[in-house]
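Letter by letter, the chains look like this.
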Amino acid sequence: MTAGLLLAAGAGRRYGLPKALVELDGEPLVRRGVRLLGDGGCAPVHVVLGAGADEVPDLPGAVPVRHDRWSDGLGSSLRRGLASLPAHVPAVVVVLVDQPLLSPVAVRRVRTAYASGALVAVATYAGRPGHPVLLGRDVWPLLDRYAVGDRGARDLLRDRPDLVVEVPCDDVGSPLDVDTPADLPRLVGDG
């Protein structure tokens, strides 16, 4: 079993509203993220919500995880999400709500790397690490040190290459993100 964790707590200041509420093709990004993880074979799927949490639509197939300290940054949302997962979950696939062009195939690929023995598996695009990122439970305690402020697992990936398996995903999706309303037309054109 591999859980899914969607980080969707931010206020989306540059966008003007929480990105979880932004719609692409008539669907809120938060629902796209839940579907991505479910279609990639993750269960359970937890969604960390903060800013705008009361406005997020129902999330069939997901467990909403309220994070009142979302303003502490991405790192605190990641740690909150990991803490919410059941004790029997051995690994989790992490994605961000503002990357709606990620693919379930990429999720399955990082899960396959874990099944083959990887403690950490990261999707790469043009040789650069991106999402999804799979984290085996054995590395979660390291994130107490690495996942701080607006930093998630990136520094862990950089500092501990001995733990990381890179999984090329250029052919199955895009790591483009939504930061401003002007980004949506670019995504629709690329998606």
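Model, not experiment: these values are computed from the prediction. (Residues numbered from 1 in each chain as written. Predicted model: local features only at pLDDT ≥ 70, side-chain atom pairs only at ≥ 80, totals over all residues. Heavy atoms only, no water.)

## Side note on the overall build of the chain
The line we're drawing: Strands are runs of DSSP state E lasting at least two residues, helices are runs of H or I lasting at least four, and both sets are numbered from the N terminus onward. Radius of gyration here uses only the C-alpha atoms, and the compact-globule reference equals 2.2 Å multiplied by the residue count raised to the power 0.38. Only protein chains enter the accessibility calculation, which uses a 1.4 Å probe; a residue is then buried when its area is under 20% of its type maximum, exposed when over 50%, and partly exposed in between. Any two residues whose heavy atoms approach within 4.5 Å at even a single point are treated as in contact.
Within the chain, the secondary structure is distributed over six helices and nine strands. Its C-alpha radius of gyration of 15 Å places the chain within 12% of the 16 Å reference for a compact globule of 191 residues. Projecting the C-alpha coordinates of the chain onto the three principal axes gives extents of approximately 40 × 35 × 30 Å. Across the 191 residues of the chain, 54% fall into the buried class. A fraction of 68% describes how many contacts in the chain between residues 6 or more apart in sequence connect residues 24 or more apart.

## Details of the pattern of salt bridges
The criterion, for reference: Think of a salt bridge as a Lys or Arg side-chain nitrogen and an Asp or Glu carboxyl oxygen that are within 4 Å of each other.
For the structure shown, the criterion picks out twelve salt bridges. Ionic pairing is found between Lys19 and Asp98, a salt bridge with its closest N-O pair at 2.9 Å. Of this pair, Lys19 sits in the loop between strand E1 (3-8) and strand E2 (23-24) while Asp98 sits in the loop between strand E6 (91-96) and helix H3 (104-115), and the two are 79 residues apart along the sequence. Both residues of the pair, Lys19 and Asp98, count as buried. Between Asp162 and Arg160 there is a salt bridge; the shortest N-O distance is 2.8 Å. Asp162 gets classed as exposed once you look at its relative accessible area, which sits at 56%. For Arg160, a relative accessible area of 29% puts it in the partly exposed group.

## What about the confidence of the model for the chain?
How we decide: Confidence scores per residue from the predictor, reported as pLDDT, run from 0 to 100.
In this model, the chain carries a mean pLDDT of 92, and residues with pLDDT of at least 70 account for 98%. The lowest-confidence element of the chain is helix H6 (residues 183-190), averaging 72 in pLDDT; the highest-confidence one is strand E4 (residues 45-49), averaging 98.

## A word on helix H2 (residues 74-84)
Listing the buried residues of H2 in full gives Gly75, Ser76, Ser77, Leu78, Gly81 and Leu82. Buried positions along H2 lie against E1, E4, E6 and helix H4 (143-146).

## Remarks on the environment of Ser71
As for its placement among the helices and strands, Ser71 is situated in the loop between strand E5 (63-66) and H2. We classify Ser71 as exposed; its relative accessible area is 53%. Separated by 20 residues in sequence, Ser71 and Ala51 have C-alpha atoms that sit 8.2 Å apart.

## Structural notes on the pairing of E6
Applied cut-off: Criterion used throughout: strands pair if DSSP finds at least two bridges between them.
Summarising burial for E6: six of the six residues are buried, a large majority. The alternating pattern of E6 places Ala91, Val93 and Val95 on one face and Val92, Val94 and Leu96 on the opposite face, and all of these are buried. Examined bridge by bridge, E6 and strand E8 (residues 128-136) share four bridges and lie antiparallel to one another. Residue pairing in the sheet places Val92 in a bridge with Leu135 of E8.

## A closer look at the side chain of Gln99
Examined against the element boundaries, Gln99 turns out to sit in the loop between E6 and H3. Residues contacting Gln99, with those up to four places away along its chain left out, are His131, Pro175, Leu176 and Asp177.

## A look at the nonpolar core
Selection rule: Only buried residues count toward a nonpolar core. Its members are Ala, Val, Leu, Ile, Met, Phe, Trp, Tyr and Cys residues joined through side-chain atoms within 4.5 Å.
Of all hydrophobic cores here, the largest spans 41 residues; its most connected members are Leu6, Ala8, Val30, Val47, Leu49 and Leu59. At five residues, helix H1 (residues 29-39) tops the list of elements feeding residues into this core. Setting aside residues up to four positions removed in sequence, Leu59 forms contacts with Val30, Arg31, Val34, Val47 and Leu49. Among the nonpolar cores identified, the runner-up in size contains 27 residues, and Ala3, Ala9, Val48 and Leu82 belong to it.

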